[in-house]
Amino acid sequence: MDMGSGPNTALQLYSIRTLSEPLPEILRRVGAAGYDGVEFAHRFHEESPRDIATALDDVGLEPVAVHADLPEVEAALDGESDLLVRCRTVGCETLVIPHLSASELRTRSDIRSLSHRLRDAAAGLKACDMQLGYHTGRRTFRPLLPDAAGRLTDETPIPTAVGEYTHRLLTALRAHDPTTIPSETPMWNLVARTKPSALMFEPEVAEIREAGYDPCALFSLCSDRIRMVHIRDVAPAGPFQGYEDVPHGEGTVDMHAVLDAASDAGVDWVIYENELDSDPTAKIDHGAATLERLLDGSGSSRSATRIPATSS
């Protein structure tokens, strides 16, 4: 990216998943709203990649990334699906893992095993001239458990909801500096155990805020590994009840601070995400207006040309 240029705008298509139109028509809607790119989710795996590529070209949208779970990426690398062919057809060079399970993030032993899988997947994608990323979920910022506790959980399974609540409660009660990601979290260990050339990170700012941290803390930890950032907002739902989605700018995420940090880090893409139960067509227009307002308010200058997410 040129010096002095700012992030490009994109829409995470999962936000408008209730829109029943064919994906190529949705892409034309998104392009007409003024976005620079899109990030694909589940429907990318279902519709014609040639039709998707044609629609992208028609409206000048960049295919920023495709969300795919780690087992899907591994299966594609083993030749068990056409995911990589689909990506090549539409010109997308980045796969982003949207979620990791709690069982993969409990202990340092779990993180060691996960890191090996991520390194192997990243190496396979690199051989295909592609890149691997991870969309940072709130679990990645919760304290690691001792290895013995992880083994006990394996031997005595507890309902997922109970485990989630207990871990969230312990996190809330534990004193920590919200401006620093500590070394006893999965996030810190993933950064330490993977190389910048192997794995990039896509901060989901609302998830980081839900975990009790300032989203800008992740930029302090690994700004050189961040090329995309997800913009979503949340507010507390009540004591020990977690958070709920709210309109952008009405919650606890300091949007302008995030955009300033993203601009300083040379982030290529700011991606609008909206999980509110509202009209999907209205979300498209609201997202474009919101990103334009936030980028203007952050003082970052928009890039004159669209920059692929894998550019350095």
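The residue count restarts for each chain, going from 1 along the sequence in the order it is written. Confidence filtering applies because this is a predicted model: local features only for residues at pLDDT of at least 70, side-chain atom pairs given and counted only at 80 or more, and all residues used for totals across whole chains, interfaces and linings. In computing side-chain properties, one takes all heavy atoms of the structure into account and sets aside hydrogens as well as water.

S.K.: Hey, could you go over the overall build of the protein chain for me, with residue numbers and the actual values?
M.R.: Think of it this way: any DSSP run of H or I at least four residues long counts as a helix, any run of E at least two long counts as a strand, and we number them from the N terminus. Along the backbone of the protein chain there are 12 helices and 10 strands. Values of accessible area rely on a 1.4 Å probe in the Shrake-Rupley scheme; residue burial ignores everything except the protein chains shown. As presented, the protein chain carries roughly 13700 Å² of accessible surface, and 50% of it is formed by carbon and sulfur atoms.

S.K.: Which residues make up the pattern of salt bridges, and what are the values?
M.R.: Salt bridges are defined as contacts in which a side-chain nitrogen from Lys or Arg sits within 4 Å of a carboxyl oxygen from Asp or Glu. What the rule picks out here adds up to 15 salt bridges. For the salt bridge of Arg28 with Asp58, the shortest nitrogen-to-oxygen distance reads 2.7 Å. Here Asp58 lies in helix α2 (residues 49–59) and Arg28 lies in helix α1 (residues 23–33), a separation of 30 residues in the sequence. Whether a residue is buried, partly exposed or exposed follows from its accessible area with a 1.4 Å probe, protein chains only, as a fraction of its type maximum: under 20%, in between, or over 50%, in that order. The class of Arg28 is partly exposed, set by a relative accessible area of 26%. One salt bridge connects Asp82 with Arg86, and the closest N-O pair in it is separated by 3.2 Å. By relative accessible area, which is 41% here, Asp82 ends up partly exposed. Of the residues examined, Arg86 reaches a relative accessible area of 10% and is grouped as buried. Residues joined in a network through salt bridges with shared partners are Arg138, Glu204, Glu207, Glu210, Arg232 and Asp245.

S.K.: Please provide a residue-by-residue account of the side chain of Glu207, values included.
M.R.: You can see Glu207 is positioned in helix α9 (residues 205–210). What makes Glu207 buried here is its relative accessible area of 14%. Filtering out sequence-adjacent residues up to four positions away, Glu207 remains in contact with Thr136, Gly137, Arg138 and Arg232. Contacts: residue pairs with any heavy atoms within 4.5 Å of one another.

S.K.: Which residues make up the sheet that holds strand β6 (residues 199–203), and what are the values?
M.R.: Pairing is parallel in the open sheet, where 8 strands are placed in the order β6-β5-β4-β3-β2-β1-β10-β7. Every interior strand has two partners, whereas the edge strands, β6 and β7 (228–231), have only one. Within the sheet, the average angular offset between the axes of one strand and its neighbour, ignoring direction, is 30 degrees. Where strand β1 (residues 8–12) lies against strand β10 (residues 269–272), 4 bridges are found, and the strand directions are parallel. Looking at the pairing, Ala10 lines up with Ile271 of β10. Any two strands are treated as partners once DSSP identifies two or more bridges connecting them. Throughout, an axis means a line fitted to C-alpha atoms (over the contacting stretch in the case of helices), and angles, computed between N-to-C directions, take values from 0 to 180 degrees.

S.K.: Describe a negative patch on the surface, naming the residues involved and giving the relevant values.
M.R.: Nonpolar side chains (Val, Leu, Ile, Met, Phe, Trp, Tyr) within 5 Å and like charges within 9 Å form the patches, drawn only from residues with over 30% relative accessible area and no salt bridge. For the purpose of counting charges, residues Lys and Arg are taken to be positive, whereas Asp and Glu are taken to be negative. His and the chain ends are not included. In this description, the location of a charge corresponds to atom NZ of lysine, CZ of arginine, CG of aspartate or CD of glutamate. On the surface, Asp214, Asp254, Asp260 and Asp264 cluster together to form a negatively charged patch. The topology assignment puts Asp214 in the loop between α9 and α10 (216–222).

Note that every value here comes from positions in space, so none of it alone points to a role or purpose.
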